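One letter stands for each residue in the lines below.
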Amino acid sequence: MAKSVVTDVVVSRRVLWIGAEAYPLNNIARATTVKVDPPRRQAIARFVKSFVTVVVLAFIALVVLPNGYQDAAAVVALVAIALLVVQLGGVILDKTYYALVIETAGTPNTALVTNDLALVHDLVRVIMEAIDNPQASFHQQVTNYIGQVGDNFKVFGSDNVGKVGN
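Let me sum up the structure you'll find in this document.

Rules used in this analysis
- Residues numbered from 1 in each chain as written.
- Predicted model: local features only at pLDDT ≥ 70, side-chain atom pairs only at ≥ 80, totals over all residues.
- Heavy atoms only, no water.
- Helix = DSSP H or I, 4+ residues; strand = E, 2+ residues; numbered from the N terminus.
- Contact = heavy atoms within 4.5 Å.
- Areas by Shrake-Rupley, 256 points an atom, 1.4 Å probe, with all protein chains shown as cover.
- Core = buried A, V, L, I, M, F, W, Y, C linked by side-chain atoms within 4.5 Å.
- Buried < 20%, exposed > 50% of the residue type's maximum accessible area, 1.4 Å probe, protein only.
- Expected span 1.5 Å × (residues − 1).
- Salt bridge = Lys/Arg side-chain N within 4 Å of Asp/Glu carboxyl O.
- Polar contact = N/O pair within 3.5 Å; in protein donor to acceptor, adjacent residues only side chain to side chain.
- Pairing = 2+ DSSP bridges.
- Axes fitted to C-alpha atoms, helices over the stretch in contact; angles between N-to-C directions.

Regarding the overall build of the protein chain
At step 1: A count of helical and extended segments in the protein chain gives three helices and nine strands.
At step 2: Counting from the amino terminus, the protein chain carries its helices and strands in the arrangement β-β-β-β-α-α-β-β-α-β-β-β.
At step 3: Sequence separation of at least 24 residues holds for 62% of the intrachain contacts in the protein chain that already meet a minimum separation of 6.
At step 4: With an accessible surface of roughly 10600 Å², the protein chain has 60% of that area assigned to carbon and sulfur atoms.

Structure (structure tokens):
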């Protein structure tokens, strides 16, 4: 789960500020919204594999262990299955995030990530309007989810690794 911080998004004197990052408006080629879904399929696949492993190990423990230890093995197996279910539930119930991506003459940059689609769409609109209006000014605070949300991309320079999934 990503950690959230409140980030200031400001357009002032032909510069877009997102936190401590500055983007001169005349250098912005494009602003867009990217949907970042949690890895639900991978979580379900890991759950099924782990569940089968726990059940097989519990069955082996019940067959191999003497009678006094079989109850303890069953309890450990039930606790492990409960933890797996809680972990799966956390990923399945995880929110979908939306990234504000700013593209300049250089590389695209994920400027912020939030779970409010309408807010990101509005920010894209305000940024693009500010490019055409030299007197534009804007200030808004946004809950920005930092940390690893979605995939990392590095598609520039001599160390191009392409998409690196999480």
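That shown, we press on.
Here's the deal with the nonpolar core
At step 1: In this structure, V9, L16, I18, L100, I102 and L123 are the most contacted members of the largest nonpolar core, which totals 23 residues.
At step 2: Mapped onto this core, the elements with two or more residues apiece are β1 (3-12), β2 (15-18), β4 (28-36), β5 (97-104), β6 (109-114), α3 (117-132) and β7 (138-146).
At step 3: Aside from chain neighbours lying at most four places away, what touches V9 is L16, W17, I18, L112, L123, F138, H139, Q140 and V142.
At step 4: Core analysis: the next-biggest nonpolar cluster, separate from the first, contains seven residues, A43, F47, V54 and A77 among them.

Focus: the environment of A29
At step 1: Assignment of secondary structure puts A29 in strand β4.
At step 2: Residue A29 is classed as exposed on the basis of its relative accessible area of 57%.
At step 3: Counting along the chain gives 79 residues from A29 to P108, while the straight-line C-alpha distance between them is 9.6 Å.
At step 4: The contacts of A29, once residues within four sequence positions are left out, are E103 and T104.

Section: helix α1 (residues 40-64)
At step 1: For α1, with 25 residues, the first-to-last C-alpha span of 36 Å sits near the 36 Å given by 1.5 Å per residue.
At step 2: Every buried residue of α1 is accounted for by A43, F47, V54, A58 and A61.

Topic: the pattern of salt bridges
At step 1: As enumerated under the stated definition, the model contains three salt bridges in all.
At step 2: A salt bridge links R125 to D122, with the shortest nitrogen-to-oxygen separation between them at 2.3 Å. Of this pair, R125 and D122 both sit in helix α3, three residues apart, roughly one helical turn.
At step 3: Given a relative accessible area of 41%, R125 falls into the partly exposed group.
At step 4: Linking E129 and R125 is a salt bridge whose minimum nitrogen-to-oxygen distance equals 3.1 Å. In this pair, E129 and R125 are both assigned in helix α3, four residues apart and thus about one turn of the helix distant.
At step 5: One salt-bridge network, in which partners are shared between bridges, spans D122, R125 and E129.

Thoughts on α3
At step 1: Over its 16 residues, α3 extends 24 Å from the first C-alpha to the last, a length consistent with the 22 Å expected when each residue adds 1.5 Å.
At step 2: Here the buried face of α3 lies against β1, β2, β4, β5, β6 and β7.
At step 3: The N-capping residue of α3, defined by a side-chain oxygen 3.2 Å from the backbone nitrogen of A118, is D116.

Focus on the sheet that holds β4
At step 1: Reading across from one edge, β4-β5-β6 is the order of the three strands in this open sheet, with antiparallel pairing throughout. Of all the strands in the sheet, just β4 and β6 have a single pairing partner and so form its edges. On average, each strand axis in the sheet is tilted by 20 degrees relative to the strand beside it, whichever way the strands run.
At step 2: Bridge analysis of β4 against β5 gives eight bridges, and the strand direction is antiparallel. Each bridged residue has a counterpart across the sheet, and for R30 the counterpart in β5 is E103.
At step 3: Here α3 sits on the sheet and contacts β4, β5 and β6; the angle it forms with β4, its principal contact strand, is near 175 degrees.

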